[in-house]
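Structural features, examined
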Amino acid sequence: MVCGEPGSGRTALLDHARRSSEAVLCVDDVRVLDDDLRRLAADVTDTQAALLIATDGETFGLPAVVLDPLDRAESLLVLHDLVPGLPGALAVDLADLACGNPLALVELARSLTSDQLGGIAPPPDGLPRDSSLRGRLLARFAALPQRARDVVALAAVDEELTADELARLTGDLDAVTEAGALLDPRRLIRSTLYAGLSPAVRFQAHARLAELLPPGPRRAWHAACTGQAGDEPADQLTTSAERARRCGDFATAARDHDRAARLTSDPEQKARRLLNAAADHWAHGAPHRARAVLRTASRLTDTTELKALVDLVVGGIDLGESLPDVAADRLVRAARSLLGTRRGLAVAALGFAGEAASIAGDHRRYSAIAEFAARIRLADEPPATRLTLEHLAGMAATFDGRHDVALPALRQVIELAHQVPGPQARIWASQAAYVLGDAAGSHEMATGAVTAARESGLTALVPWALVYRALSALLLDQHAAALTAATEGVHAATAIGQHNAVVDHLTILALLAALRGDAETALHRIDAATEHITQRGLTRPGTFGAWAFACVDLARDRPADALDRLRLHPGHAGIKVMAAPHVVEAAVACGQPSTADRALQRFERWAEATGSLARRALSHRCHGLLETGTADEHFEEAIRLHRASGTAMELAKTELLYGNRLRRGRKPKVAREHLRDAVRIFQSYQADHWVARATAELRAAGDTTGEPNDRPELTPQQAQIARLVAEGATNREIAARLFLSHRTVEHHLRNIFARLGVRSRVELTRRLD
């Protein structure tokens with residue numbers, strides 16, 4: 001392969017290519033196809049050679065493949081490769097600006113300043129002045145006839161204008177047609193053309209639109225840009241922004257609040273409008289832009305209320321992407337300052353502060369927040385405020401193990417959620433139902449929260465809601481639904497720079513893989529999350545990761561490692577209680593019944609208090625492992641409760657453990673009955689490791705009929721991989737999309753081919769059509 005810029009280094013590469021029997025010439029840009037490459041192409045015509053050229057113009061009659069723009073995930077991979085350590089929110093902004101153009105990504109990445117990388121300056125709003133792509137676009141603009149240039153200028157100063165609207169407003173369809181691709185509404189094109197317009201041309205374009213557009217905020221904005229003072233444009237834009245907010249169009253609200261601020265001279269009023277723009281940016285998933293706007297707003301005001309509102313928005317951003325303990329402090333400070341003037345926002349800030357403390361695993365801080373919330377509580381709180389206060393009280397009591405106090409408060413949260421609109425109430429209710437063991441209710445509330453967040457435009461809340469949809473699906477033993485929710489959550493959080501939520505979902509995905517016995521996938525996902533957990537002190541996902549790792553240890557018959565991992569990890573109190581059945585299993589295998597008994601006591605108090613059938617089943621399984629005289633009774637009750645709760649995967653594991661105990665107790669016939677059930681259930685979940693383990697145990701019990709089916713259906717993960725293969729994705733692309741290692745994808749593909757009886761990707765694609 002020969003590539004490179006013109007010069008002596010490339011000359012040596014070209015000489016090497018002439019001497020080779022095979023050569024591939026890669027030209028990133030047809031414009032650099034100079035005389036050296038042309039001569040080389042002629043020299044190697046009698047050898048096996050290929051010339052691969054990239055162009056955005058004429059193909060010169062050569063065979064050509066039209067490449068689609070990169071999607072956001074691919075763009076982010078390119079950016080992080082170009083700038084290691086690039087802040088996630090800044091990467092999202094660059095990816096959105098580049099609109100999938102690889103050259104734009106390269107040129108934007110190279111243009112970043114230290115202030116932009118450090119979050120001090122706003123992200124770029126266009127291509128750099130020395131950009132070759134910018135030069136080409138402006139050259140195409142300059143080559144247009146004057147009428148077409150005038151039309152393009154109108155589009156450049158108003159990103160909402162479409163070609164059809166321009167034709168209608170100007171009445172010049174020919175000019176619109178001549179403008180062609182330069183009227184592309186993508187931000188990359190519009191921002192580049194705007195930057196290339198002279199001030200005089202911009203003024204003329206604004207003035208013309210102020211005449212052509214109907215009365216309204218857009219017309220007012222363009223009039224204001226020409227110095228016309230009529231119709232109080234800043235107030236009109238503010239009214240427009242508030243209407244857009246009510247409709248869930250936070251992107252438009254942010255734009256109009258920002259425009260109103262630019263037209264406002266009074267510092268306090270300007271700061272308030274910028275603050276509203278920042279809140280809108282955060283709501284629709286643009287936290288980096290929100291931070292940049294907030295830096296300007298905070299320098300314009302010293303009033304207590306506005307400073308507190310800045311703390312509230314910054315704290316909300318930090319909750320998703322930064323240090324949770326810092327976010328908690330900032331949010332509590334905002335709550336104290338807002339309590340006298342904006343009580344509803346103050347209580348909301350306390351709710352977010354509690355979530356930040358929970359992510360950090362700081363239960364002492366959570367208790368302090370809940371105690372402060374209890375002190376400020378009034379007798380006649382409105383439903384939304386009361387819901388948040390009850391949630392704080394219930395979760396604080398849960399973390400302390402005071403379930404008699406926690407349960408009434410959490411039940412109130414669920415009841416109030418039916419009265420309070422919006423996604424946040426449903427997120428709190430889903431968490432409350434999960435703690436109460438109402439898996440179906442939790443899943444219903446989480447699903448409602450995801451839907452409400454999307455319908456209301458609150459993109460920032462989608463990843464958070466998906467956490468509880470994934471966890472509730474796991475509690476329901478619906479592994480496919482949990483896998484879908486957590487995978488969707490990773491992508492949703494990545495898209496808006498919420499790195500803490502990405503880690504939450506990665507560790508849930510790791511736990512799902514570990515519970516199925518897929519050690520390699522689980523460890524790959526834990527590795528992907530570990531650096532972020534350590535850097536930002538994310539104790540809650542860190543505890544999920546330790547739990548997943550312990551499940552891997554148990555699957556690999558390393559109970560001592562599993563026990564140390566769960567026992568020694570400082571961890572999140574609530575998740576450590578959830579993981580107690582695995583602590584018991586590991587401790588019993590290590591001959592440490594007292595350790596198992598202590599863990600079981602905490603779990604059993606929770607299970608009995610909530611009445612959850614699934615958790616009571618696990619409690620009885622633990623007693624079956626610990627006790628001797630009544631073990632059979634506990635295992636049988638566990639099996640009954642598993643069946644009543646519909647938790648089939650855990651039923652299979654209970655039957656495997658019970659079958660092993662029966663076999664060692666010289667009851668092979670009874671053991672075989674349970675082990676056959678376990679094999680069938682594990683097969684239905686495609687838990688290959690556990691199928692093999694249960695089959696081996698069944699053979700040891702004297703039965704050889706429990707072999708796996710020859711052609712079972714695909715697992716949820718295999719189905720995802722097969723679908724991506726059918727869409728044309730490479731193994732490396734699949735690995736990036738599903739957060740797997742390249743080797744794991746290859747392993748799954750081999751199994752997919754075997755199960756479906758196909759021998760190639762082409763056959764697989766046909767089979768899935």
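Anyway, here's the lowdown on the structure attached to this text. (Residues numbered from 1 in each chain as written. Predicted model: local features only at pLDDT ≥ 70, side-chain atom pairs only at ≥ 80, totals over all residues. Heavy atoms only, no water.)

1. Examining the environment of Arg-640
With respect to the element layout, Arg-640 can be found in helix α36 (residues 631-645). A relative accessible area of 45% places Arg-640 in the partly exposed class. Between the C-alpha atoms of Arg-640 and Leu-613, which are 27 residues apart in sequence, the distance is 9.5 Å. Of the polar contacts made by the side chain of Arg-640, one reaches the side chain of Glu-637; its length is 2.6 Å. (Helix = DSSP H or I, 4+ residues; strand = E, 2+ residues; numbered from the N terminus. Buried < 20%, exposed > 50% of the residue type's maximum accessible area, 1.4 Å probe, protein only. Polar contact = N/O pair within 3.5 Å; in protein donor to acceptor, adjacent residues only side chain to side chain.)

2. Quick word on the packing of aromatic side chains
Under the defined criterion, the tally for this structure stands at 7 aromatic pairs. Between Phe-544 and Trp-547, the aromatic rings sit 6.2 Å apart at their centres with planes inclined by 15 degrees, giving stacked as the arrangement. With Phe-544 and Trp-547 both in helix α30 (residues 539-555) and 3 residues apart, the pair spans about one turn of that helix. The structure contains a cluster of three or more aromatic residues connected by ring pairs, namely Phe-352, Trp-428 and Trp-464. (Phe/Tyr/Trp six-rings, centres within 6.5 Å; stacked < 30°, edge-to-face > 60°.)

3. Side note on the side chain of Ser-612
Mapped onto the elements, Ser-612 comes out in the loop between α34 (593-610) and α35 (613-626). Not counting chain neighbours up to four residues away, the residues in contact with Ser-612 comprise Gly-437 and Ala-607. (Contact = heavy atoms within 4.5 Å.)

4. Regarding the pattern of salt bridges
Enumeration according to the criterion identifies 43 salt bridges in this entry. Between Asp-400 and Arg-402 there is a salt bridge; the shortest N-O distance is 3.4 Å. A residue is classified by how much of its surface remains accessible, and Asp-400, at 43% relative accessible area, is partly exposed. Classification of Arg-402 as partly exposed rests on a relative accessible area of 36%. With a closest N to O distance of 3.2 Å, Asp-504 and Arg-540 form a salt bridge. With Asp-504 in helix α28 (residues 499-515) and Arg-540 in helix α30, the pair connects residues that are 36 residues apart, well separated along the chain. A residue is classified by how much of its surface remains accessible, and Arg-540, at 7% relative accessible area, is buried. Here the salt bridges share partners, and the residues they tie into one network are Asp-158, Glu-160, Glu-165, Arg-168, Arg-218, Arg-255 and Asp-256. (Salt bridge = Lys/Arg side-chain N within 4 Å of Asp/Glu carboxyl O.)

5. Side note on the side chain of Gln-116
Structurally, Gln-116 is set in helix α6 (residues 114-117). Given a relative accessible area of 11%, Gln-116 falls into the buried group. Setting aside residues no more than four positions away along its own chain, Gln-116 makes contact with Leu-90, Ser-111, Ala-121, Pro-122, Pro-123, Pro-124 and His-288.

6. Focus on unusual backbone geometry
As a rule of thumb, non-glycine residues mostly have phi less than zero, and peptide bonds are mostly trans rather than cis. A positive phi angle, near 60 degrees, is found at Asp-557, a position not held by glycine. Tracing the chain through its elements places Asp-557 in the loop between α30 and α31 (559-568). Accessibility expressed as a relative area gives 55% for Asp-557, which makes it exposed. Not every positive phi belongs to a glycine, and Gln-686 is a case in point at roughly 55 degrees. In this structure, Gln-686 sits in the loop between α38 (668-684) and α39 (688-700).

7. Some details on helix α7 (residues 132-142)
Leu-133, Arg-134, Arg-136, Leu-137, Leu-138 and Phe-141 are the residues of α7 that are buried. In this structure, the buried side of α7 is in contact with α5 (102-111), α8 (146-157) and α11 (187-196).

8. Considering the packing of α28 against helix α29 (residues 519-536)
Remark: α28 packs on α29, axes separated minimally by 8 Å, with the N-to-C direction vectors making an angle of 150 degrees. With respect to their mutual orientation, α28 and α29 come out roughly antiparallel. Seen from above, α28 lies across α29 with left-handed handedness. Within the contact between the two elements, α28 uses His-499, Asn-500, Val-503, Leu-506, Thr-507, Leu-509, Ala-510, Ala-513 and Ala-514 and α29 uses Thr-521, Ala-522, Arg-525, Ile-526, Ala-528, Ala-529, His-532, Ile-533 and Arg-536. (Axes fitted to C-alpha atoms, helices over the stretch in contact; angles between N-to-C directions. Parallel < 35°, antiparallel > 145°, perpendicular 65-115°, else oblique. Left-handed = near helix turned anticlockwise from the far one by under 90°.)

9. Some details on the nonpolar core
The biggest cluster of nonpolar side chains holds 140 residues, and the ones touching the most others in it are Leu-294, Leu-350, Leu-387, Leu-511 and Trp-547. Top element by residues in this core is α28. It accounts for 12 residues. Contacts of Trp-547, omitting those with residues within four sequence positions, involve Leu-511, Leu-566, Ile-575, Met-578, Ala-579 and His-582. Of all hydrophobic cores here, the second largest spans 27 residues; its members include Ala-148, Leu-183, Leu-197 and Leu-209. (Core = buried A, V, L, I, M, F, W, Y, C linked by side-chain atoms within 4.5 Å.)

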